[in-house]
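Residue-level structure breakdown
Residue strings, one per chain:
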Amino acid sequence: MRAYVIGNVTVDETISVSAMPEAGASILGHEETRDLGGKGANQAVVMGRAGLTSILVAAVGDDFRAEIIRSQLAEEPVDARLVRLSGKASDFSIIFTTPDGENAIVTTTDSAGSLTLSEAIRPLAESTAGDLVVLQGNLSDDVTRGILEEARRRQLVTAFNPSPLRRFFADLWPLIDIAFLNKGEAESLTGSGGQAAASTLISAGVKHAVLTLGGEGAMLASRAGTLKIPAAAVTAIDTTGAGDTFMGTALASCALRGVPLDARAIRHATTAAALTVSRRGTRSAFPTKAELHAILAA
Ligand code: ATP
């Protein structure tokens, strides 16, 4: 089984601040890291490091950030199919982190938002039924829906993380097999949290709904029932990429075992995400290949 991650790739600039800036404020900060990021790239990197064949389809511009992206992706076990958009800026994120481990992120989407449907689905021509298509919220509405429809035609398994959040995502559930939502996303898209949110998703056609609840762990729901798995106890240093580590590990865990999403995959994801929150940065904070292989063997 292969995973086609169709999404964004960015350069992440992490700046530590003593407190989040208020509107209109000028504050001092300190550059912590410059790292490969973007939800698409993050999930592709985690799945690749876990040992799953991971194909990343993402757009970049023709600027210095595209070079940083290319060279950092070349260090990863990811088959990067980057679409170069001339005259566009590559996407980047500015991440503020505070001493208590909270973060606030601004991500540009000039490149990701310009990826066309034909560019996005071209690599799916080589897919086979049962392969995974993994999507997040950075592409345009039409392209996001078009990819999901193409995946259905090809009998691929669709996994979706509706982040960054857009209301339009609430119309997509019938096209989604596996959904990963954090607390805020669940509340905004279903009008409720916890079990009620999971039930809404399952009634709308999602086969497996995963709600991630930060330090409180995660919930896995399907028609068979719901189970809650606690988070691993760690000191949170920087939560950037926790959700992406969680989703990438859970998907890799079940894909590599050839089973539907199960409690074991969520436990693997919980352990992997705890490593990410205990370190600074994005890609540099993710579990290594060796760590992921040990986690998935448990
Ligand atoms: P982010 O946007 O920061 O990447 P998210 O909002 O998508 O994350 P969360 O629900 O915050 O997702 O976190 C995903 C998973 O990461 C949680 O289900 C949990 O397993 C792990 N995690 C997050 N915060 C903590 C924490 N403080 N301690 C232990 N594990 C954590």
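Each chain carries its own residue numbering, running from 1 in the direction its sequence is written. This being a predicted model, a pLDDT of at least 70 is required before a residue's local features are given, and a value of 80 or more before pairs of side-chain atoms are given or counted; all residues contribute to the totals for chains, interfaces and linings. Side-chain measures were taken over the full set of non-hydrogen atoms in the model, leaving aside hydrogen atoms and water.

**A word on the sheet that holds strand E10 (residues 178-182)**
At least two bridges found by DSSP between two strands are what make those strands a pair. Only DSSP runs of H or I covering at least 4 residues are called helices, and only runs of E covering at least 2 are called strands; the numbering of each starts at the N terminus. One open sheet holds the 9 strands; their spatial order is E5-E4-E1-E8-E9-E10-E11-E12-E13, and the pairing between them is mixed. Each of the sheet's edge strands pairs with one partner strand only, and the pair in question is strand E5 (79-84) and strand E13 (225-229). Strand-to-strand twist in this sheet, taken as the mean axis angle between neighbours without regard to direction, amounts to 15 degrees. Bridging between E10 and strand E11 (residues 208-212) involves 5 bridges; their strand directions are parallel. Looking at the pairing, alanine 179 lines up with alanine 209 of E11. We call two residues contacting when some pair of their heavy atoms lies within 4.5 Å. For helices, the fitted line uses only the C-alpha atoms of the stretch in contact; every axis is such a line through C-alpha atoms, and the angle between N-to-C directions lies from 0 to 180 degrees. Together, E10, E11, strand E12 (218-222) and E13 form the strand contacts of helix H6 (residues 194-203), whose direction differs from that of E11 by roughly 150 degrees. The sheet strands contacting helix H8 (residues 263-277) are E11, E12 and E13, and the helix crosses E13 at an angle near 25 degrees.

**So, the sheet that holds strand E7 (residues 103-107)**
Taken in spatial order, the 4 strands line up as E3-E2-E6-E7 in an open sheet, and their pairing is mixed. If you trace the sheet from one side to the other, it starts and ends with strand E3 (30-37) and E7, each paired once. Across the sheet, the axes of successive neighbouring strands diverge by a mean angle of 20 degrees, strand direction being ignored. Of the pairings in the sheet, the one linking strand E2 (residues 10-16) to E3 comprises 7 bridges and is antiparallel in character. Note that in E3 the partner of glutamate 13 across the bridge is arginine 34. Helix H2 (residues 64-73) rests against E2, E3 and strand E6 (92-97) of the sheet, and its axis sits at about 65 degrees to E3.

**Here we look at the packing of aromatic side chains**
In this description, an aromatic ring pair is defined by two values, namely the gap between the centres and the angle between the planes. Stacked, tilted and edge-to-face are the three classes assigned to paired rings of Phe, Tyr and Trp, where Trp is represented by its six-membered ring and a pair needs centres within 6.5 Å; plane angles under 30 degrees give stacked, over 60 edge-to-face, the rest tilted. Across all of its chains, the model carries 3 aromatic pairs by this definition. Here phenylalanine 168 and phenylalanine 169 contribute two aromatic rings whose centre-to-centre distance is 5.8 Å and whose plane-to-plane angle is 55 degrees, an arrangement assigned as tilted. Note on exposure labels: buried denotes an accessible area under 20% of the residue type's maximum, exposed denotes more than 50%, and partly exposed covers the range between, all computed with a 1.4 Å probe on protein chains only. For phenylalanine 168, a relative accessible area of 17% corresponds to the buried category. When the ring of phenylalanine 180 is compared with that of phenylalanine 246, the centres are 6.4 Å apart and the planes differ by 75 degrees; the resulting orientation is edge-to-face. Taken as a pair, phenylalanine 180 in strand E10 and phenylalanine 246 in helix H7 (residues 242-257) lie far apart in primary sequence, 66 residues in all.

**Thoughts on the nonpolar core**
In this structure, Phe180, Leu251, Leu261 and Ile266 are the most contacted members of the largest nonpolar core, which totals 46 residues. Examining the composition of this core, we find that 7 residues originate from one element, H7, more than from any other. Apart from the residues within four sequence positions on either side, leucine 261 is in contact with Ile178, Phe180, His208, Val210, Leu220, Ala250, Cys254 and Ile266. In this text, buried Ala, Val, Leu, Ile, Met, Phe, Trp, Tyr and Cys residues form a nonpolar core when linked through side-chain atoms within 4.5 Å.

**Thoughts on the UniProt feature "domain: Carbohydrate kinase PfkB" (unreviewed entry) in the chain**
Following the UniProt record, the feature "domain: Carbohydrate kinase PfkB" (unreviewed entry) maps to residues 8-288 here. Each end of residues 8-288 is marked by a C-alpha atom, and these two atoms are 21 Å apart; helix forms 32% of the span and strand 24%. UniProt positions are given in the numbering used here, feature names are shortened, and annotations may be inferred rather than shown by experiment.

**What to know about the site of the ligand**
Inspection of the region around the ligand gives 18 residues, with Asn182, Thr212, Gly214, Thr239 and Gly243 positioned closest. Here glycine 217 contributes a backbone N or O atom positioned 3.0 Å from an oxygen atom of the ligand. Think of a polar contact as two N or O atoms within 3.5 Å of one another; within protein, one of them needs to be a possible hydrogen donor and the other a possible acceptor, and neighboring residues in sequence only count if both atoms come from side chains. Take glycine 243: an N or O atom from its main chain is 2.9 Å from an oxygen atom of the ligand. Alone, the ligand offers 630 Å² of accessible surface; in the complex the protein occludes 83% of this. Spatially, the ligand is embedded in the largest pocket. Put simply, the parts of the chain that give the shell around the ligand at least two residues each are H7 and H8. Residue polarity is assigned by list, with Asp, Glu, Lys and Arg as charged and Ala, Val, Leu, Ile, Met, Phe, Trp, Tyr, Cys and Pro as nonpolar; anything else, Gly included, falls into the polar class. Tallied by class, the residues present in the shell around the ligand amount to 9 nonpolar, 9 polar and no charged. We call a residue near a molecule or strand whenever a single non-hydrogen atom of that residue lies within 4 Å of it. Exposure was quantified through the Shrake-Rupley algorithm and a 1.4 Å probe, taking into account, for residues, occlusion by the shown protein chains and nothing else. Buriedness for pockets is judged along seven lines, at least five of which must meet protein on both sides within 12 Å for an open set on the 1 Å grid over protein atoms alone, while cavities are sets there where a 1.4 Å probe fits but cannot get out, and lining residues have an atom within 4 Å of a point. Any molecule with more than half of its atoms within 2 Å of a cavity's or pocket's grid points is counted as sitting in it.

**Observations concerning helix H4 (residues 141-153)**
Here the expected span of a helix is defined as 1.5 Å times the quantity of residues minus one. For H4, which comprises 13 residues, the first-to-last C-alpha distance of 19 Å matches the rise-based estimate of 18 Å (1.5 Å per residue) to within 8%. Those residues of H4 lying buried are Val143, Thr144, Gly146, Ile147, Leu148, Glu150 and Ala151. Tucked inside the fold, the buried residues of H4 contact strand E1 (2-7), helix H3 (117-121), strand E8 (132-135) and strand E9 (157-160). Where H4 ends, the next residue or the one after it, glutamine 155, has phi of about 55 degrees, a positive value.

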